[in-house]
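One letter stands for each residue in the lines below.
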Amino acid sequence: MDALKETIAKNLIHLRTQAKLTQAQLAEKLNYSDKAVSKWERGEAIPDLRVLIQLARLYDITVDDIINTASVENIVKPRMNVGKKRLLITLLSAGLVWFIATVIFTIFYFVEVTADYAFLSFVVAPFVCAVVVMVFSAMWGNRITNVIVSSLIIWTLALMLHIFVNTFKPFDKIEFLYVVAAVFEILVILWFILRRFIKRKK
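Anyway, here's the lowdown on the structure attached to this text.

The rules behind these values
Residues numbered from 1 in each chain as written. Predicted model: local features only at pLDDT ≥ 70, side-chain atom pairs only at ≥ 80, totals over all residues. Heavy atoms only, no water. Axes fitted to C-alpha atoms, helices over the stretch in contact; angles between N-to-C directions. Helix = DSSP H or I, 4+ residues; strand = E, 2+ residues; numbered from the N terminus. Parallel < 35°, antiparallel > 145°, perpendicular 65-115°, else oblique. Left-handed = near helix turned anticlockwise from the far one by under 90°. Contact = heavy atoms within 4.5 Å. Nonpolar A, V, L, I, M, F, W, Y, C, P; charged D, E, K, R; others polar. Core = buried A, V, L, I, M, F, W, Y, C linked by side-chain atoms within 4.5 Å. Buried < 20%, exposed > 50% of the residue type's maximum accessible area, 1.4 Å probe, protein only. Patch = residues over 30% accessible without salt bridge, like charges linked within 9 Å, V, L, I, M, F, W, Y side chains within 5 Å. Areas by Shrake-Rupley, 256 points an atom, 1.4 Å probe, with all protein chains shown as cover. Salt bridge = Lys/Arg side-chain N within 4 Å of Asp/Glu carboxyl O. Expected span 1.5 Å × (residues − 1).

Quick notes on the packing of helix 2 (residues 23-30) against helix 4 (residues 49-59)
Part 1 of the argument: Two numbers describe how helix 2 lies on helix 4: the axes approach to 10 Å, and their chain directions differ by 110 degrees. The angle between helix 2 and helix 4 falls in the class roughly perpendicular. As helix 2 packs across helix 4, the resulting crossing turns out to be right-handed. Side by side, helix 2 and helix 4 meet where Leu26, Lys29 and Leu30 of the first sit next to Val51, Gln54, Leu55, Leu58 and Tyr59 of the second.
Part 2 of the argument: Of the residues that constitute the contact of helix 2 with helix 4, the class distribution is 6 nonpolar, 1 polar and 1 charged.

Here it is in structure tokens:
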């Protein structure tokens, strides 16, 4: 068991340093404390299977590579390449949303019945775009990106509803939407702070 701990510890140190991550940054990505990461790298504890799977996905290798006595030096793929690929996928997906919005705008603009409301496709696009980005942030992002994208969803939804209501049936107290949005924003921030606090206890 001690030999296995030592092997995993050495591999984890190499993987993290090659990925140019600090213990705190890795801990945040795994939703664990940096103390836990430090214990793994000192060989005082072994990550559970769920964490090993997370680590394998993060470094784009297999769990077997992490626990194998063979060196991982030639297996690890540069993290920057993986990060750039993920960013490109996210940006392309967001761009696709705007492309679809443009197509819908063009179609509606040249139809007499809907011409006056064609601009609404661009009103909906920021909200849909935020939802799409949130999906990728949940898969590949961290706590900070999740908070930012969650906030974008709240405020783009509030803005979208504001414009829709004013377009079809003006409402004097529409500003109340932003009060509700602010409450949700506070709840989101508190939720992420609570999650961070709980994870530090692990």
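Looking at the nonpolar core
Part 1 of the argument: In this structure, Leu12, Leu26, Leu30, Trp40, Leu55, Tyr59 and Ile66 are the most contacted members of the largest nonpolar core, which totals 20 residues.
Part 2 of the argument: Sorting the residues of this core by element identifies helix 1 (2-18), helix 2, helix 3 (34-42) and helix 4 as the ones contributing at least two each.
Part 3 of the argument: For this core, the leading source of residues is helix 4, giving 6 residues.

Re a nonpolar patch on the surface
Part 1 of the argument: On the surface, Phe176, Val179, Val180, Val183, Phe184, Ile186, Leu187, Ile189, Leu190 and Ile193 cluster together to form a nonpolar patch covering roughly 930 Å² of accessible area.
Part 2 of the argument: Considering the arrangement of structural elements, one finds Leu190 in helix 9 (residues 176-200).

Some points on helix 8 (residues 143-168)
Part 1 of the argument: With 26 residues, helix 8 extends 38 Å between its outermost C-alpha atoms, agreeing within 8% with the 38 Å of an ideal straight helix rising 1.5 Å per residue.
Part 2 of the argument: Looking only at helix 8, the buried set comprises Asn146, Val149, Ser150, Ser151, Ile153, Ile154, Thr156, Ala158, Met160 and His162.

Notes on the pattern of salt bridges
Any two side chains of opposite charge can pair, so long as their charged atoms come close to each other.
Part 1 of the argument: A full pass over the atoms with the stated rule returns 3 salt bridges.
Part 2 of the argument: A salt bridge links Lys10 to Glu6; its shortest N-O distance comes to 3.3 Å. Linking Lys10 with Glu6, this pair stays in helix 1, spanning 4 residues, or about one helical turn.
Part 3 of the argument: Assessed through its relative accessible area of 44%, Glu6 is described here as partly exposed.
Part 4 of the argument: A salt bridge links Arg16 to Glu41, with the nearest nitrogen and oxygen atoms 2.5 Å apart. Of this pair, Arg16 sits in helix 1 while Glu41 sits in helix 3, and the two are 25 residues apart along the sequence.

Concerning the packing of helix 1 against helix 3
Part 1 of the argument: Contact geometry of helix 1 with helix 3 gives a least axis separation of 6 Å together with a crossing angle of 125 degrees. Between helix 1 and helix 3, the angle is such that the two are oblique. Two secondary-structure elements touch here, helix 1 through Ala9, Leu12, Ile13 and Arg16 and helix 3 through Trp40, Glu41 and Arg42.
Part 2 of the argument: Broken down by class, the residue content of the contact of helix 1 with helix 3 amounts to 4 nonpolar, no polar and 3 charged.

Looking at the side chain of Glu41
Part 1 of the argument: For Glu41, a relative accessible area of 9% translates into the label buried.
Part 2 of the argument: Excluding anything up to four places from it in sequence, Glu41 contacts Ala9, Leu12, Ile13, Arg16 and Gln23.

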